[in-house]
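# Summary of structural features
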Amino acid sequence: MTARIANVTIHAEDPAALARFWSAAMGYPEPTGWSDDELAMLKANGLDDDAIASRAVAWDGDRSHQRFYFTRYRHERRQRNRMHIDITPFDDRRASRDELEAERDRLVSLGATVEKPLIGSWGPFEEFAIMMRDPEGNEFCLQ
């Protein structure tokens, strides 16, 4: 048996809004919230509407695709993320700078902001990425 990532969990002030952003960014369907059966089960177990709204998911249901899980967190952020997500517009090849810049513009139109471009090299390999933040300020890189 080996481990696999079950969720990428992100603390959020507004889990549903952040789930909508990441769904759009990843090309997943817009989240519809919890099903009627799930809502009934959650309420039967004592959760009120606010507690139910404190969690959200961005996922397309394909187990080979990453699931993003958002949980309400209203504490002040005190430091830079120690871990972040790297995303790319393609799964079969490396994106060109022009393609990354077009994807950057799409993500900005969804509510992301650009932190800075990351330009360098690692040995013979050119490195180009764009450090960005989602609508709540969580860092991620487009590469």
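Residues numbered from 1 in each chain as written. Predicted model: local features only at pLDDT ≥ 70, side-chain atom pairs only at ≥ 80, totals over all residues. Heavy atoms only, no water.

### Structural notes on the overall build of the protein
For the protein, the count of helices and strands is four helices and seven strands. Going through the 143 residues of the protein one by one, you find that 27% of them count as buried. Distance between charge centres in the protein, computed from 19 positive and 26 negative side chains, equals 5 Å. (Helix = DSSP H or I, 4+ residues; strand = E, 2+ residues; numbered from the N terminus. Buried < 20%, exposed > 50% of the residue type's maximum accessible area, 1.4 Å probe, protein only. Lys, Arg positive; Asp, Glu negative; His and termini not counted. Charge placed at Lys NZ, Arg CZ, Asp CG, Glu CD.)

### What about the packing of aromatic side chains?
In total, this model carries four aromatic pairs according to the counting rule given. Summarising the aromatic geometry, the rings of F21 and F140 are spaced 6.5 Å apart at their centres and angled 55° between planes, so their arrangement reads as tilted. On the criterion of sequence distance, the pair formed by F21 in helix α1 (residues 15-26) and F140 in strand β7 (residues 139-142) is long-range, its members being 119 residues apart. Ring plane angle 15° and centroid distance 5.4 Å describe the contact between W22 and F68, whose orientation is recorded as stacked. Pair noted here: W22 is in helix α1 and F68 is in strand β3 (residues 68-72), with a separation of 46 residues, a long-range link. Here the two residues W22 and F68 agree in accessibility, since each one is buried. (Phe/Tyr/Trp six-rings, centres within 6.5 Å; stacked < 30°, edge-to-face > 60°.)

### Concerning the sheet that holds strand β2 (residues 55-58)
On the basis of which strands lie adjacent, the open sheet formed by three strands has the order β1-β3-β2 and mixed pairing. With partners counted over all chains shown, the strands left at the sheet margins are β1 (8-12) and β2, one partner each. On average, adjacent strands in this sheet sit at an angle of 25° to one another, irrespective of strand direction. Of the pairings in the sheet, the one linking β1 to β3 comprises five bridges and is parallel in character. (Pairing = 2+ DSSP bridges. Axes fitted to C-alpha atoms, helices over the stretch in contact; angles between N-to-C directions.)

### A few points about the nonpolar core
Generally speaking, nonpolar side chains in soluble globular proteins are found buried as a group. By size, the foremost hydrophobic cluster in this structure holds 24 residues, and its most contacted members are I10, W22, F68, F70, L107 and F140. Tallying contributions element by element places α1 first for this core, with five residues. (Core = buried A, V, L, I, M, F, W, Y, C linked by side-chain atoms within 4.5 Å.)

### A few points about the pairing of strand β5 (residues 113-122)
Of the pairings in the sheet, the one linking β5 to strand β6 (residues 125-133) comprises nine bridges and is antiparallel in character. Each residue of the ladder has a partner; that of I119, found in β6, is F128. Remark: two residues form the turn of the hairpin made by β5 and β6, two consecutive strands paired antiparallel; G123 in that turn has positive phi of roughly 60°.

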